[in-house]
Amino acid sequence: MTLSQGSHTALPEWKALAAHAANAGARHLRDLFREDPGRAERYALEACGLRADFSKQRLSPDTLPLLVRLAEACDLPGRIAAMFAGEPINTTEHRAALHVALRAPREATLRVAGHDVVSDVHAVLGRMAAFAEAVRSGGWKGHTGRPIRAVVNIGIGGSDLGPVMAYEALRHFTLRNLDFRFMSNVDGTDFAEATRDLDPAETLFIVSSKTFTTLETLANARTARAWLLAALGDERAVARHFVAVSTNAAEVAAFGIDTANMFGFWDWIGGRYSMDSAIGLSTMLAVGPERFADLLAGFHAIDEHFRTAPLAANMPVVHGLLAVWNATFLGAHTIAVLPYDQYLKRFPAYLQQLTMESNGKRVTLAGRVIDDYETSPVYWGEPGTNGQHSFYQLIHQGTRLIPCDFIAFARSANPLGRHHDLLMSNVFAQAEALAFGRTAEEVRAEGVAEALVPHKTFPGNRPSTTLLAAELTPHALGSLVALYEHSTFVQGVIWGVNSFDQWGVELGKVLANRIVPELESAAEPDLSSHDPSTAALIRWYRARRKK
Ligand code: G6Q
């Protein structure tokens, strides 16, 4: 059972961990490794082709057992079981969070309100595969009879970040004679630049929107429709150049897309957990149905590990507990995610939404305002080695504690001379330098002038996790994303928050819609409902919006 009204800080297990953090949290990694050289293996976990080295985290011998006890006290095993059982764990929206069903094998059974959803998932996957094969082979013709050469995904948030991340991550495996674009921003520049060199007769738009009511996506989709019709001059062209991915068939039809060209998903999938649903149609078009199936198999492998492995040997559980340890008990405000693979350049952006939209919450499931501990840290990052020549300085020698996740692969998709060894030497060197630093004595021993010694000293004890896999394949990507999805859930359980709603995002959607008429009306609008600053900004804009 989980605590309902009280704070998790009242749990004896929380108190024990807080006391432990005060004593052991600052122990230097140098000392911890000296005392226990075996920790490199002790704190490494392998699962589904991923290796996670947690040994450079600030873990004393008691830390992980105390974290696991806290997880048990917060009923993490029960919450994991409830998620897989399709219970409505997204309590504020009365919905299940059953993204694991999206990658369940055909013969599995997972139920939402008594209904087996796995066969529904596979029915959609089958339709997606048939469509993807038709477009990829050139069998699907545009209105003028020409094959599709460009695919534009129109969507935002969860209907964009997953697809664009996956496309970039799997670019090595994509069909190169199809050009993929991703349009999300309502800023007209995004539309203009994404379409400026495209031929409407060879362009396919995928309008991806769970609700099909999102302002940005519908504005871009309407403009795309007008752009297409201006060139092809026939309403019937829409059927050959527009498909929709949505849960809302009525709105899709109202927009003018034939629901025969709609790929569905369900309200028990959150936007940021949807890249492996029909929202991944662009991914399937790019890499083909077989590789999409490999991606799903990678997700599913971690799902099974997460569902069945004991907490202390469970990679997403330990990863999530360490995020809590760093953010809540050791006071880290941010976590840097540093992929040493250029194909993962959008992974930090994707992860920002997954983690911060899920756990950027200040109220518990029971509605209590959290005023006694910190919840989600800020996630950020850039591919290595570029970040090394920029913000790593602060991570090494700044005054803040910034735990890092390094992600790297044994083999490059593009082996070029020494490049990969150079890349990997950097990831290993960075994690080592962050953990162990360089003492003043070591600096002096190199003959450095005394005045420079403090500047060249590196305190070390900066924690990191290194995640490794053999190659960045579709399977490995699926496993990596599932690891972070479940880690995010684990963190939410310990913090006692609902990781599956997003009222802050909903508010933004409502507020913008209220102001639109005040910007566009010919008559002077009544701005008295706004604060003076907002009213002044609106007046300033109205005076200048047209040259
Ligand atoms: C994700 C959020 C949010 C959502 C977008 C787009 O978990 O709910 O980022 O994905 O607001 O919403 P639609 O898919 O409904 O257009």
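Everything below is about the structure printed above this text.
An account of the accompanying structure is given in this report. (Residues numbered from 1 in each chain as written. Predicted model: local features only at pLDDT ≥ 70, side-chain atom pairs only at ≥ 80, totals over all residues. Heavy atoms only, no water.)

Looking at the ligand, there are 14 residues lining it, with Ser159, Ser209, Thr211, Thr214 and Gln353 nearest. Lys210 has a polar backbone atom sitting 2.7 Å from an oxygen atom of the ligand. In isolation the ligand exposes 400 Å². Once the protein is present, 93% of that is buried. When grouped by side-chain class, the residues that make up the shell around the ligand number 1 nonpolar, 9 polar and 4 charged. (Near = heavy atom within 4 Å. Polar contact = N/O pair within 3.5 Å; in protein donor to acceptor, adjacent residues only side chain to side chain. Areas by Shrake-Rupley, 256 points an atom, 1.4 Å probe, with all protein chains shown as cover. Nonpolar A, V, L, I, M, F, W, Y, C, P; charged D, E, K, R; others polar.)

This paragraph deals with the pattern of salt bridges. What the rule picks out here adds up to 26 salt bridges. A salt bridge links Arg307 to Glu304, with the shortest nitrogen-to-oxygen separation between them at 2.9 Å. Of the two residues, Arg307 and Glu304 are both situated in helix α13 (residues 289-308); the distance of 3 residues between them amounts to about one turn of the helix. With relative accessibility at 43%, the residue Arg307 sits in the partly exposed group. Where Asp501 meets Lys361, a salt bridge forms, and the shortest distance between an N and an O atom there is 2.8 Å. Here Lys361 lies in the loop between α15 (347-359) and β11 (378-380) and Asp501 lies in the loop between α20 (474-495) and α21 (503-520), a separation of 140 residues in the sequence. Each of Arg103, Asp276, Asp303 and Glu485 takes part in salt bridges that share partners, so that together they form one network. (Salt bridge = Lys/Arg side-chain N within 4 Å of Asp/Glu carboxyl O. Helix = DSSP H or I, 4+ residues; strand = E, 2+ residues; numbered from the N terminus. Buried < 20%, exposed > 50% of the residue type's maximum accessible area, 1.4 Å probe, protein only.)

Here the focus is the packing of helix α4 (residues 63-73) against helix α14 (residues 315-329). At their nearest, the axes of α4 and α14 sit 10 Å apart, and the two run at 100° to each other. When the axes of α4 and α14 are compared, the pair comes out roughly perpendicular. Counted together, Thr63, Leu64, Leu67, Val68, Leu70 and Ala71 of α4 and Val318, Leu321, Leu322, Trp325 and Phe329 of α14 form the full contact between these two elements. (Axes fitted to C-alpha atoms, helices over the stretch in contact; angles between N-to-C directions. Parallel < 35°, antiparallel > 145°, perpendicular 65-115°, else oblique. Contact = heavy atoms within 4.5 Å.)

This part is about α14. For α14, built from 15 residues, the straight-helix expectation of 21 Å at 1.5 Å per residue is met to within 8% by its first-to-last C-alpha distance of 20 Å. By the criterion of burial, α14 is predominantly enclosed, with 15 of the 15 residues buried. In the segment just after α14, Gly331 is the residue with positive phi, at about 80°. (Expected span 1.5 Å × (residues − 1).)

A few words now on the sheet that holds strand β13 (residues 464-469). Strand order in this open sheet of 6 strands is β1-β2-β13-β12-β10-β11, and the pairing throughout is mixed. The two strands at the open ends of the sheet, each matched to only one other strand, are β1 (44-47) and β11. Shown here is a sheet whose adjacent strand axes are inclined to one another by a mean of 15°, direction ignored. Bridge analysis of strand β10 (residues 334-339) against β11 gives 3 bridges, and the strand direction is parallel. Directly across from Thr334, in β11, lies its bridge partner Val378. (Pairing = 2+ DSSP bridges.)

Take helix α5 (residues 76-84) next. Buried residues of α5: Leu76, Arg79, Ile80, Ala82, Met83 and Phe84, and no others. Immediately beyond the C-terminal end of α5, within one or two residues, lies Gly86, with a positive phi of roughly 70°.

Grouped together as the largest cluster of nonpolar side chains are 126 residues, with contacts concentrated most on Trp268, Leu285, Phe347 and Leu477. It is α20 that contributes the most residues to this core, 12 residues altogether. Setting aside chain neighbours within four positions, we find Phe347 in contact with Met165, Val337, Ile407, Leu480, Val481 and Tyr484. One finds Ile154, Val207, Phe242 and Met262 within the second-largest nonpolar core, a separate group that totals 26 residues. (Core = buried A, V, L, I, M, F, W, Y, C linked by side-chain atoms within 4.5 Å.)

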